[in-house]
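Read off the chains here:
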Amino acid sequence: MTDKKIFPKSLSVLLSIILPGLGQVFQRKYRSGISFFIAFATAFAVTLWYGKPIWFIIPAVIWIWNIWDIVSFPKGKGLVIPLLLWLLMAYGIGGQVTEFNLQALFSNFSRSRDMVSQLFKFDFVQPKAERIEGYTDIQSPCSDFPPAADHEENGVRVYVVQTCANVGDVITVIGEGFWPNQLTTFYWQNPIGGKAMATEATSDANGKVTLEWKVLSIVHTTAPDPTIPQIHRIKVSQSRPIGGMELSAVGGYIVQGIYETLALALLSTIIGAIFAIPFGFLAARNLMTANPVSTVIYMIVRTVLNIVRSIEALIMAIIFVIIVGLGPFPGMIALTVHTVAALGKLYSEVIEGIDPGPIEAIKATGANWLQVARYAVIPQIVPAFTSLTIYRWDINVRSSTIIGFVGGGGIGFFLWQWIVLQDFRAVGSAFVAIAVVVVILDFFSAKIRERLV
Amino acid sequence: MLKVEHLTKVYPGGTVALKDLSFEVSDGEFLVIIGLSGSGKSTLLRCINRLIDPTEGKVILDGIDVTASKGAELRHIRRKIGMIFQHFNLVKRSSVLTNVLNGRLGYLNPWTSTLGFFPADEKKRAMDALKRLSIDDKVDSRADALSGGQQQRVGIARTLMQEPTLILADEPVASLDPVLAHSIMQYLEQLNKEDKVTVICSLHYLDLIQRYATRVIGLKDGVKVFEGSPAEINREKFKEIYGEEAQDVRATALE
Amino acid sequence: MQKYKPFLKALRKLLITIVLVVLIILSIRVTEPDLVKLVSSFPKAESIMGQLLSPVLFDRESEKITVSQMVPVPCDSVPSLVSADSGPRIILDPPCGSPKDVINLRGVELPPNAEISLRWILPDGGLLSIKNIMTDDKGEIDMPLEIRPITTATDGKAAQISFEVTLPNGKLVVAQTLKDVIDAMFVTIFMALIATTLGTIIAVPLSFLAASNITRRGALGTGVYYLVRAFLNIIRSYEPLVLATIFAMIVGFGSPFAGVIALSITTAASLGKMFSEAVESIDTGPIEAITATGANRIQVVMYAVVPQIIPDFLSFTIYHWDINVRISTIIGFVGGGGIGYLLSQRINTLQYSQAGTALLAIILVVWALDFLSSEIRKSLV
Ligand SMILES: Nc1ncnc2c1ncn2[C@@H]1O[C@H](COP(=O)(O)OP(=O)(O)OP(=O)(O)O)[C@@H](O)[C@H]1O
Ligand SMILES: [Mg+2]
């Protein structure tokens, strides 16, 4: 230790002044040298980017500390303070640029409690029911010659005695041909199809239901000019349970979404795995670095795999959605491409890790490249490949839950719609469905992989 | 100094590891426990410093009932009992120095030591202990960078930090080769003779027993089947302790 | 029984194959792969890919220069100045005139085929537009100019004829897009950093609760163990992006914060699982040894447990930071902020070359961090 030639100290100090860490490197304290350099360089880059002058104190202090380190510390133990400073900067600036604000979480949380409570009112199934419905169109506000508000269909007649409605009027809505003694829902639909008012009444023993309904100004809020008469519609309906349960509308979409998600994951995994096999071989160092041509191929394939792997499937999905249009297909292509890259890399690692003994033996018999691969390599790699593929399937199931956010199909597509429409019950239900499916698949895939090893 | 009375240990699975075991150890003794694998040697040693709670019976050390104590009192008893392990039980990723200093934890302020500070005089004490075992040149190495014999010496240094009056050694040389085994046993002997530390040690090799023990206790299925001086152990006794089948193997160890 | 074994094995294989084939067929039916469409959209793909692969990095800086020439009206009202004889300039023939005269105006050494707006700068400083004119291939203009009475020199100051041209000066400058991308990339890296830190802080206690050798003691412990495990598994089943939607609904869309919270939670869950496995695999020897020295519980944890798990914990954390950077490149899609947001914006507005810049940045950063993190992890073991 003592007989190592130590670089002159004064020169090291100078070097460290010019470039933090350089002096340490010359003093053979490589670790602390590189650490100082990285700490200084990153701190400087970040403060430069952030632009607030006050933060420049941090790289400055690191720089001074680096000089002091070389002047007086015998063993490079002075890294703690720069590290703390660095962390202070990273979290200080990081917190600001990511708009980190825990308070926002809690203050908004209480505000959005309704939303959260809705999340837990799951909407998968509803009691099976049969419905009977009728409607009538009605003009509002009244013109000089309003059309009659009377409509009959399938033996169900709905009419309004006053024929038309002004805001503030009390109209009499009468429905005939309904089930007797049954709760009946009245529903006012404005001209653009939105729900303006709703109420309930009970039908009499003859199946006739009568409602005195006050027309509120809300029915005109969507009209550009509430004084122009327009055709609205009053819908009257009854529904009664007939026993048993059925999927609700949301439940139906969830089933469809999950089905798509699983299909996406399965197809992209299988197709991806098939394509990944040749790439795995081409990217395996031990097979490819024998001659210059194959070495070049090896390097190209490796690079491409690395590049593609670093782009998330979701990003590829946006591009493929633009190219081939909405639906599960672009999602599947994106997932497949990403799978090829990720599995290709993993496969190549498996191939690199195999026992070279059999390869030598088969080569010695005069076998060619293909034969070596077939008889010495494949028997060694099949279980590992299978295990990795199943593992990838796991990941793909998860990924395909979000690929729909950009129009790539699967449950994510519906989830995104529901989030935009703020249908929190549906959102909550989708969350539950995702967790159940993924946890179950996780469990089985772990079991299968355990058996393979 | 140590009195073991009617000690019984039944493991949760129902295994009876010790059955109504009683014996006494006086100051300065070098007591060796022998017995087949699974006979309860480790269990016995661990009952003495309460790493294992015995099911029944008492362990009394210098008049204090170890089996009844708990909390700070138990820790104070433990810090006077050093323990040496077959697999050394060093913290592999910590340095040799830290491993040795760990032996002092029972004496130190719990707060500062929790934060990783050790007073300078403790560090000096640790260096002295390492010097005594002649491995002070390895003080900054990671524990797993050491050979088995060196690791066991670090283990002994850790024990020295406790300034023990009693050392429990659980097969201290079972994972070492015979030459190293002797050197480690010599350190224990030195502690026994020079520092007047009582030693209770479990061993398998008869030559070591006869060379170092002042007294021997034989266990079989948790029952004491022999107690006496090492000279009293002959083939017959050995067969009795180690069982008929083991005779041939052990008989060679006897020569 | 022995005789049937190979038969049963073959049957099982057959069954698995059939199930797989059925599943694939079903999957193909929902996914509707449309190879015709894929092929027919190839030209479109080609143009998009071409743009993506030519990212905007630099712009050629151009300078705006004002070319002007004094016009004494009438002649000799002010001493006429010698005009420049190189560079973009205006040549008047004759060099002065009286109101209502028509003189010839030539502009030379201008950028070819550029539109320039000719104007008068009046003696009082007012501006008077003349007309917009295109330069020819040689970068010249040649037109008649009528001298208006308003341009008459006053107080010894003459009017000027003037226009601005932008001349590329050949200097390369960093394109605005690249600046935006670097900005967004910093935000992304910070999102990952903060999420990883928070996630780790939450994961540490959770991992001890989910470690069977520490927690699974007694009815209460076993209950806690299974509860924490189940919790971790459920959270782990969500992509961070899915959770981000929930937090975006709570704290509002458009802030990176929602993404950070979501990422922290998923990080906590998966690190919690990994940490707990590290805790479960620790060596109990040192714990025994240090307990035997009379150390208290906290000291035992500090000196026997912590040194064993710290390298694993650090290594997992760094590994996860790496993953988180990758995920934060897309978390902006729902929360806003970061490179993902920028990327989706550029793609939605069909600015593919600019999207290419963002992609390039993602590739470089992910790659660099991948390398860095694996190097650090190697040195930790
Ligand atoms: N934690 C435990 N739980 C249940 N049974 C145990 C436990 N530890 C030891 N035993 C059982 O108690 C008996 C005595 O074990 P002990 O370890 O004391 O034997 P030993 O004499 O030290 O053996 P060896 O020479 O192999 O170390 C054995 O039958 C063993 O299986
Ligand atoms: Mg034992």
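Residues numbered from 1 in each chain as written. Chains lettered and ligands numbered in written order. Predicted model: local features only at pLDDT ≥ 70, side-chain atom pairs only at ≥ 80, totals over all residues. Heavy atoms only, no water.

Next up on the list: the overall build of chain A. Helix and strand counts for chain A stand at 16 helices and eight strands. Since a compact globule built from 453 residues should have a radius of gyration of about 22 Å, the 35 Å found for chain A marks it as more spread out than a globular shape. Relative to its full complement of 453 residues, chain A shows a buried share of 46%. For chain A, the proportion of contacts with a sequence separation of at least 24, taken over those separated by at least 6, is 66%. Approximately 22,900 Å² of chain A is accessible, and the part contributed by carbon and sulfur atoms is 65%. Taking the average place of the 33 positive charges on the side chains of chain A and the average place of its 29 negative ones, the gap between the two points comes to 20 Å. (Helix = DSSP H or I, 4+ residues; strand = E, 2+ residues; numbered from the N terminus. Rg over C-alpha atoms; globule rule 2.2 N^0.38 Å. Buried < 20%, exposed > 50% of the residue type's maximum accessible area, 1.4 Å probe, protein only. Contact = heavy atoms within 4.5 Å. Areas by Shrake-Rupley, 256 points an atom, 1.4 Å probe, with all protein chains shown as cover. Lys, Arg positive; Asp, Glu negative; His and termini not counted. Charge placed at Lys NZ, Arg CZ, Asp CG, Glu CD.)

With 34 residues, helix H4 (residues 176–209) of chain C ought to run about 50 Å at 1.5 Å a step, and its terminal C-alpha atoms sit 50 Å apart, in line with that. The largest bend along H4 of chain C measures about 30 degrees and falls at alanine 203 of chain C, with the proline proline 205 of chain C one to four residues further on. (Expected span 1.5 Å × (residues − 1). Bend = angle between axes of the 7 residues up to and from the residue.)

As a further point, take the pairing of strand E6 (residues 195–202) of chain A. As judged from the seven bridges shared by strand E5 (residues 183–189) of chain A and E6 of chain A, these two strands associate in the antiparallel manner. When the bridges of E6 of chain A are listed, leucine 183 of chain A appears paired with threonine 202 of chain A. (Pairing = 2+ DSSP bridges.)

Moving on, we come to the packing of helix H12 (residues 328–352) of chain A against helix H14 (residues 369–399) of chain A. All names here are of chain A. As a packed pair, H12 and H14 sit with axes 10 Å apart at the nearest point and diverge in direction by 145 degrees. The element H12 and its partner H14 pack so that their crossing is right-handed. Contacts from Leu335, His338, Thr339, Ala342, Leu343, Leu346, Tyr347, Val350 and Ile351 of H12 reach H14 at Val377, Ile381, Ala384, Phe385, Leu388, Thr389, Arg392, Asn396 and Ser399. Taken together, the residues of the contact of H12 with H14 sort by class into 12 nonpolar, five polar and one charged. (Axes fitted to C-alpha atoms, helices over the stretch in contact; angles between N-to-C directions. Left-handed = near helix turned anticlockwise from the far one by under 90°. Nonpolar A, V, L, I, M, F, W, Y, C, P; charged D, E, K, R; others polar.)

Residue and element names in this part refer to chain B. Inspection of the region around ligand 1 gives 13 residues, with Ser37, Gly38, Ser42, Thr43 and Glu171 positioned closest. Serine 39 has a polar backbone atom sitting 3.3 Å from an oxygen atom of ligand 1. The side chain of glutamate 171 places a nitrogen or oxygen atom 2.9 Å from an oxygen atom of ligand 1. In isolation ligand 1 offers 640 Å² of accessible surface; the protein chains occlude 61% of this area. (Near = heavy atom within 4 Å. Polar contact = N/O pair within 3.5 Å; in protein donor to acceptor, adjacent residues only side chain to side chain.)

What follows covers the interface of chain C and chain A. Of the residues lining the interface, 65 residues belong to chain C; the matching set on chain A comes to 66 residues. A buried area of about 5,900 Å², summed over both sides, lies between chain C and chain A, and 78% of it is on carbon and sulfur atoms. The largest share of the area that chain C buries against chain A comes from Phe190, Met249 and Ile250 of chain C, three residues that together contribute 11% of it. Between chain C and chain A we count two salt bridges in total. The shortest N-O distance in the salt bridge between aspartate 370 of chain C and arginine 309 of chain A comes to 3.5 Å. For the pair chain C and chain A, the interface holds eight residue pairs in polar contact (both at pLDDT 80 or more). When residues of the side of chain C that touches chain A are assigned to their parent elements, the largest contribution, 10 residues, is made by H4 of chain C. Split into classes, the residues belonging to the side of chain C that touches chain A amount to 45 nonpolar, 10 polar and 10 charged. (Buried area = accessible area lost by both parts, 1.4 Å probe. Salt bridge = Lys/Arg side-chain N within 4 Å of Asp/Glu carboxyl O.)

On to the confidence of the model for chain C. Averaged over all residues, the pLDDT of chain C equals 85, while 97% of them reach at least 70. Interface predicted TM-score (ipTM) for the complex: 0.83; the corresponding pTM is 0.74. (pLDDT = per-residue confidence, 0-100.)

This brings us to the state of the cysteines. Residues and elements named next belong to chain A. Counted by the stated rule, this structure contains one disulfide over all chains. Here cysteine 142 engages in a disulfide with cysteine 164; their sulfurs sit 1.8 Å apart. Across the disulfide from cysteine 142 to cysteine 164, rotation about the S-S bond amounts to roughly 105 degrees, and the bridge is consequently right-handed. Of the two residues, cysteine 142 sits in the loop between strand E1 (125–140) and strand E2 (150–153) while cysteine 164 sits in the loop between strand E3 (156–160) and strand E4 (170–176), which places them 22 residues apart along the sequence. For cysteine 142, a relative accessible area of 26% puts it in the partly exposed group. (Disulfide = S-S within 2.5 Å.)

A few words now on the domain arrangement of chain A. Domain annotation of chain A identifies domain 1 (3–97), domain 2 (126–246) and domain 3 (251–452). If you average the C-alpha positions of domain 1 of chain A and of domain 3 of chain A, the two centres end up 42 Å apart. (Domains from an automatic or database assignment.)

What follows is about the domain arrangement of chain C. On domain assignment, one finds that chain C holds domain 1 (2–52), domain 2 (62–170) and domain 3 (176–380). Here domain 2 of chain C and domain 3 of chain C have C-alpha centroids that lie 66 Å from each other.

Right, let's talk about the environment of asparagine 206 of chain A for a bit. All names here are of chain A. Topologically, asparagine 206 is positioned in the loop between E6 and strand E7 (209–214). What makes asparagine 206 exposed here is its relative accessible area of 69%. Spatially, the C-alpha atoms of asparagine 206 and glycine 177 are 7.9 Å apart, while their sequence positions differ by 29 residues.

Moving on, we come to unusual backbone geometry. With an omega of -15 degrees, the peptide bond running from serine 140 of chain A to proline 141 of chain A counts as cis. If you trace the backbone, proline 141 of chain A turns up in the loop between E1 and E2. Between aspartate 93 of chain C and the following residue, proline 94 of chain C, the backbone shows a cis peptide bond with an omega angle of -5 degrees. Note that proline 94 of chain C resides in the loop between strand E2 (89–93) and strand E3 (102–108). Within the chain, phenylalanine 88 of chain B stands out as a residue other than glycine whose phi angle is a positive 65 degrees. Following the sequence through the fold, phenylalanine 88 of chain B ends up in the loop between strand E6 (81–84) and helix H3 (96–101).

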